[in-house]
2 protein chains.
Amino acid sequence: MSLPHLLLGMLDVPATGYDLKRTFDRTLRHFWAAELSQIYPTLQRLERQKLVRSKRAPSARGPARRLYRRTGAGRRHLLAWLREPPQIGDQRQAWLGQLCFMAETGGTKRAAAFLIELRHHFTTRVAAYDEVERVWFREAPGFPDDLSLDDLHAHFTLRAGIARANAAIAWCDECLARLHRRRA
Amino acid sequence: MSLPHLLLGMLDVPATGYDLKRTFDRTLRHFWAAELSQIYPTLQRLERQKLVRSKRAPSARGPARRLYRRTGAGRRHLLAWLREPPQIGDQRQAWLGQLCFMAETGGTKRAAAFLIELRHHFTTRVAAYDEVERVWFREAPGFPDDLSLDDLHAHFTLRAGIARANAAIAWCDECLARLHRRRA
DNA sequence: TTGATCATGTAAGGGGTTACATGATTTA
DNA sequence: TAAATCATGTAACCCCTTACATGATCAA
């Protein structure tokens with residue numbers, strides 16, 4: 001039940017469904033993803049609940065846009081969510097499930113290859129996040145301790161992604177070292 | 001699409017739906033959760049697909065049990081999954097969404113309280129995992145480098161949970177320090 | 001005798017993905 | 001002229017959660 005809240009958070013500034021999708025992909029993707037086929041109906045529902053309202057607006061190119069903006073009730077709804085305790089769901093990690101049963105493959109070779117593949121995945125991710133951090137935040141005025149409040153919180157979430165990916169890399173190394181010692 | 005594979009992995013040894021639920025809660029919960037209302041129909045589906053078969057068995061207490069065991073096809077299905085690349089889905093973290101829009105609350109006080117609550121959550125989690133590690137693995141013969149292959153891989157997944165939670169704690173501290181410097 | 005544990009299920013509903021449908025404009 | 005981008009949606013399907021239904025046995 002968080003997508004509606006995230007949309008309300010983003011509707012700080014009026015936007016269309018298409019705009020919001022871009023924001024997900026560009027600036028929130030390290031902790032949330034959303035498809036257009038989910039965003040459009042959710043916006044419609046929020047409008048029925050009077051948490052946003054919309055009006056048609058001409059488009060420079062392509063079909064007419066539907067511009068959404070947050071209502072007062074929408075803002076209050078968002079604030080209520082922000083006052084709630086951290087919403088921590090259980091994170092299902094299928095790749096840990098794969099590793100967990102890797103003994104079925106009969107040795108440690110597949111596990112080692114699997115961990116190397118994982119390590120590569122996370123180093124690529126860290127590199128991507130580092131790049132985002134470099135162009136998005138390190139150039140912002142007042143980095144790091146005098147950013148705007150919005151940028152500060154956004155930067156916190158990016159740091160979380162970086163911290164998590166780096167921890168995963170260190171964990172891969174620990175596991176690979178143990179597999180290696182085991183052979184010797 | 002991983003629950004069926006996890007069930008196949010656990011059905012190394014014959015078990016009932018109820019047994020499998022307990023295994024989720026006791027030994028896999030740091031990376032996966034499953035409800036009985038999901039496990040039972042999934043087992044039925046696996047049986048229709050001939051990946052497991054079942055027979056009724058009397059119970060020492062309570063109603064009759066349905067004992068499932070993996071078929072040869074089931075084992076091959078599992079092995080195919082283990083040969084696939086790491087299945088990394090996008091992890092949605094609603095609490096990062098909350099933090100991201102916390103500037104709406106108008107200051108840094110709510111963010112600081114929120115981070116302290118998060119930190120507490122993760123320290124509790126690390127303590128619980130450490131305890132599991134102590135009673136489950138450190139007592140096992142050959143710890144840490146001569147565990148059975150099954151235990152070794154299971155321990156890897158637990159270490160991943162510990163690493164992740166510790167990274168989250170360090171991240172909370174980093175954020176709290178920045179909020180603190182900002183006030184000064 | 002009340003509640004916990006054992007044991008198996010169904011039903012309703014929300015969240016999310018992939019695929020499909022439509023069509024205008026801009027760029028290569 | 002073909003492909004990418006802009007723009008909004010619907011349909012089918014899977015995954016998961018919460019709640020409900022049923023009933024036996026055992027320990028306090």
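Everything numeric here is computed off the predicted structure, so don't read it as measured data. (Residues numbered from 1 in each chain as written. Chains lettered and ligands numbered in written order. Predicted model: local features only at pLDDT ≥ 70, side-chain atom pairs only at ≥ 80, totals over all residues. Heavy atoms only, no water.)

1. Digging into the overall build of chain A
To keep it simple, the criterion reads: Secondary structure elements follow DSSP: runs of H or I no shorter than four residues count as helices, runs of E no shorter than two count as strands, and numbering proceeds from the N terminus. Every radius of gyration here is taken over C-alpha atoms, with the globule rule written as 2.2 Å times N^0.38, N being the number of residues. For every residue, the accessible area (1.4 Å probe, protein chains only) is compared with the maximum for its type, and the residue is labelled buried under 20%, exposed over 50%, or partly exposed between those bounds. Whether two residues are in contact is decided by their heavy atoms: any pair within 4.5 Å suffices.
The secondary structure content of chain A amounts to 7 helices and 2 strands. When the helices and strands of chain A are listed from N to C terminus, the series reads α-α-α-β-β-α-α-α-α. Taken against the 2.2 N^0.38 rule, which gives 16 Å for 184 residues, the C-alpha radius of gyration of chain A at 21 Å runs more than 25% over that of a compact globule. Judged by the C-alpha coordinates and their principal axes, chain A covers about 70 × 40 × 40 Å. In chain A, which comprises 184 residues, the share counted as buried stands at 49%. Within chain A, contacts between residues at least 6 apart in sequence are counted, and of these 54% link residues at least 24 apart.

2. Considerations on the protein's contact with DNA strand D
This is how the line gets drawn: Consider each residue's heavy atoms; a residue with any of them within 4 Å of a molecule or strand counts as near. Whenever two N or O atoms come within 3.5 Å, that pair is a polar contact, provided that in protein one can donate a hydrogen and the other can accept it, and provided that, for residues adjacent in sequence, both atoms are side-chain atoms. In this count, Pro and Cys sit with the nonpolar residues alongside Ala, Val, Leu, Ile, Met, Phe, Trp and Tyr, while Asp, Glu, Lys and Arg are called charged and the others, Gly among them, polar.
Contacts to DNA strand D come from 25 residues, most closely from Tyr40(A), Arg66(A), Ser37(B), Gln38(B) and Pro63(B). The contact atoms of DNA strand D, taken as those within 4 Å of the protein, divide so that sugar and phosphate hold 70%. In this structure, Gln38(B) approaches DNA strand D through a side-chain N or O atom, which is 2.3 Å from a phosphate oxygen. A distance of 3.4 Å separates a phosphate oxygen of DNA strand D from a polar side-chain atom of Arg45(B). Counting only elements with at least two residues in the surface near DNA strand D, the list comes to helix 2 (17–28), helix 3 (36–48) and strand 2 (65–70) of chain A together with helix 3 (36–48) of chain B. Split into classes, the residues belonging to the surface near DNA strand D amount to 9 nonpolar, 9 polar and 7 charged.

3. Comments concerning the interface of chain B and chain A
Here is the rule we go by: Once two parts are put together, the accessible area they lose, assessed with a 1.4 Å probe and summed over both, is termed the buried area.
Every contact between the two is made by 74 residues of chain B and, on the other side, 74 residues of chain A. In total, about 6900 Å² of surface goes out of reach between chain B and chain A, with carbon and sulfur atoms giving 61% of it. Put simply, chain B and chain A have 35 residue pairs in polar contact (both at pLDDT 80 or more) between them. Secondary structure elements with two or more residues in the side of chain B that touches chain A: helix 1 (3–10), helix 4 (72–83), helix 5 (94–100), helix 6 (109–136) and helix 7 (149–183) of chain B. Ranked by residues supplied to the side of chain B that touches chain A, first place goes to helix 7 of chain B with 20 residues. Of the residues in the side of chain B that touches chain A, the class split is 38 nonpolar, 16 polar and 20 charged.

4. A word on the protein's contact with DNA strand C
Neighbouring DNA strand C are 26 residues, the closest being Ser37(A), Gln38(A), Pro63(A), Ser59(B) and Arg66(B). Atoms of DNA strand C within 4 Å of the protein belong to the sugar or the phosphate in 72% of instances, the rest to bases. In the environment of DNA strand C, a phosphate oxygen lies 2.8 Å from a nitrogen or oxygen atom belonging to the side chain of Ser59(B). At 2.7 Å from a phosphate oxygen of DNA strand C is found a main-chain nitrogen or oxygen belonging to Arg66(B). For the surface near DNA strand C, the secondary-structure elements that each account for two or more residues are helix 3 of chain A together with helix 2 (17–28), helix 3 and strand 2 (65–70) of chain B. Per-element accounting of the surface near DNA strand C gives the leading share, 4 residues, to helix 3 of chain B. In terms of residue class, the surface near DNA strand C is made up of 9 nonpolar, 9 polar and 8 charged.

5. A short note on the domain arrangement of chain A
Residue and element names in this part refer to chain A. This is how the line gets drawn: The start and end points of each domain follow an automatic or database-based domain assignment.
Along its sequence, chain A is carved into domain 1 (3–82) and domain 2 (94–183). A straight line from the C-alpha centre of domain 1 to that of domain 2 covers 30 Å. Listed per partner, the contact involves 4 residues of domain 1 and 6 residues of domain 2. A buried area of about 350 Å², summed over both sides, lies between domain 1 and domain 2, and 67% of it is on carbon and sulfur atoms.

6. Notes on the packing of helix 6 of chain B against helix 7 of chain B
Residue and element names in this part refer to chain B. Put simply, the rule is: Every axis corresponds to a line fitted to the C-alpha atoms, with the helix fit spanning only the stretch in contact, and the corresponding angles, defined between N-to-C directions, vary from 0 to 180 degrees. What sets the label is the angle itself: under 35 degrees gives roughly parallel, over 145 gives roughly antiparallel, 65 to 115 gives roughly perpendicular, and the rest give oblique. Put simply, a crossing is left-handed when the front helix is turned counterclockwise from the back one by less than a right angle, and right-handed when it is turned clockwise.
Running from N to C, helix 6 and helix 7 point in directions that differ by 155°, and their axes come no closer than 9 Å. In terms of orientation, helix 6 and helix 7 fall into the roughly antiparallel class. In the packing of helix 6 onto helix 7, the handedness of the crossing is left-handed.

7. Examining the packing of helix 1 (residues 3–10) of chain A against helix 2 of chain A
Residue and element names in this part refer to chain A. Relative to each other, helix 1 and helix 2 sit at 90°, their axes nearing to 11 Å. The pairing of helix 1 with helix 2 is recorded here as roughly perpendicular in orientation. Listed contacts from helix 2 to Leu3, Leu6, Leu7 and Met10 of helix 1 are Leu20, Thr23, Phe24 and Leu28.

8. Some words on the side chain of Arg70(A)
Inspection of the secondary structure puts Arg70(A) in strand 2. Looking at Arg70(A), the relative accessible area reads 14%, which means it is buried. Reaching out from Arg70(A), the side chain makes a polar contact with the backbone oxygen of Leu8(A) at a distance of 2.9 Å. Side-chain polar atoms of Arg70(A) contact the side chain of Glu104(B), separated by 3.3 Å. Among all residues touching Arg70(A), those that are not within four sequence positions of it are Leu8(A), Gly9(A), Leu11(A), Asp12(A), Leu51(A), Val52(A), Arg75(A), Leu78(A) and Glu104(B).

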